[in-house]
Amino acid sequence: MSARVQKVVTSGQFALDGGSWDVDNNVWLVGDDAEVIVIDAPHDAAPILDAIDGRTVVAIVLTHGHNDHINAAVELGEATGAQVWFPPEDRMLWDAEHDTAPDQELHSGATFEVAGTTLRAIPTPGHSPGSTCLYAPELGAVFSGDTLFNGGPGATGRSYSDFPTIIESIRERLLTLPDDTVVHTGHGDDTSIGAEKPHLDEWITRGS
């Protein structure tokens, strides 16, 4: 059986810069009936474990360091025996949430194999310094974390973020992917590269 994409939504709070906001987060599972990769681990490990349903977890890959993407990662790693991969540029955000270190550093070009499918790490800083997307060409999909959403780029109004940087990341690293690439986002609905590409100038105007 070839790899498939499964979505789990968990709810909790995003906290940064002294504020907190209620959020729903997307968790993405990529795999087959035997093995799976988990992308992001927000809020509550229990529903993620339910979706894993006893499958071997090849890796837990975190797209960036905001607490609402990582706060269940240690518990999930302990429960599954899988290593947690995390971008080192966001280590200050990890350390604000966890007392232990992540298992592995997630660097540009890192690849993960699951169910005959390869996912490749693409650095897309801007929302945070270490923001990273995972591209699966065999699936025609990219997992964008909080870098690109249905309707525009991720937020850049809080600490460690930068609007010109996220625009450059999207322009150079994501909008160069095939137009029919499905964008599986960190929050909300899917989109596609082709659907978002025409709006780049509009985002720049809006954000400037």
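Now for a description of the structure that goes with this document. Please read all numbers here as calculations on a predicted model, not as lab measurements. (Residues numbered from 1 in each chain as written. Predicted model: local features only at pLDDT ≥ 70, side-chain atom pairs only at ≥ 80, totals over all residues. Heavy atoms only, no water.)

**Quick notes on the overall build of the protein chain**
To be explicit about the condition: Here a helix means four or more residues in a row that DSSP labels H or I, a strand means two or more in a row labelled E, and each is numbered from the N terminus. Values of the radius of gyration come from C-alpha atoms, whereas the globule rule sets the reference at 2.2 Å times the count of residues to the power 0.38. Between two residues, a contact is recorded if the distance between any of their heavy atoms is within 4.5 Å. Where accessible areas are quoted, they stem from the Shrake-Rupley method and a 1.4 Å probe; at the residue level, only the protein chains shown are allowed to cover.
Looking only at helices and strands, the protein chain features seven helices and 14 strands. Taken over the C-alpha trace, the protein chain has a radius of gyration of 16 Å; the compact-globule value for 208 residues is 17 Å, and the two agree within 12%. Considered along the principal axes of its C-alpha atoms, the protein chain spans approximately 45 × 40 × 25 Å. Considering only contacts in the protein chain between residues 6 or more positions apart, those separated by 24 or more positions represent 53%. By element, 46% of the accessible surface of the protein chain is carried by carbon and sulfur atoms, the whole surface being about 8800 Å².

**Some thoughts on the packing of aromatic side chains**
Our working definition: Note on ring pairs: Phe, Tyr and Trp rings are taken, using the six-membered ring of Trp, and paired if centres are within 6.5 Å. Classes follow the plane angle, with under 30 degrees stacked, over 60 edge-to-face and the rest tilted. Two conditions define a charge located above a ring, namely a distance within 6 Å from the ring centre to NZ of Lys or CZ of Arg, and an angle within 35 degrees of the ring normal.
Taken as a whole, this structure holds four aromatic pairs when the rule is applied. A centroid spacing of 5.0 Å and a plane angle of 90° characterise the contact between Trp 85 and Phe 112, whose relative ring orientation is edge-to-face. With Trp 85 in strand 5 (residues 84-86) and Phe 112 in strand 7 (residues 111-114), this residue pair connects regions lying 27 residues apart in the sequence. In this structure, Arg 158 packs its charged tip against the face of Trp 21, placed 4.1 Å from the ring centre.

**Thoughts on the layout of surface pockets**
The line we're drawing: In this analysis, the protein atoms alone were mapped onto a 1 Å grid. Cavities are point sets where a 1.4 Å probe fits without being able to get out; pockets are open sets with protein on both sides within 12 Å along at least five of seven lines; lining residues have an atom within 4 Å of a point. Grid points are joined across faces, edges and corners, and a volume is the space filled by probe spheres set on the points. In this classification, Asp, Glu, Lys and Arg are treated as charged, Ala, Val, Leu, Ile, Met, Phe, Trp, Tyr, Cys and Pro as nonpolar, and every other residue, Gly included, as polar.
By volume, the largest pocket is sized at about 150 Å³. Around the largest pocket, the lining residues are Phe 14, Trp 21, Val 23, His 66, Asp 68, His 127, Asp 146, Phe 149, Ala 155, Arg 158 and His 187. The residue inventory of the lining of the largest pocket, partitioned by class, reads five nonpolar, three polar and three charged.

The quantities given are spatial measurements derived from coordinates; they are silent on function.
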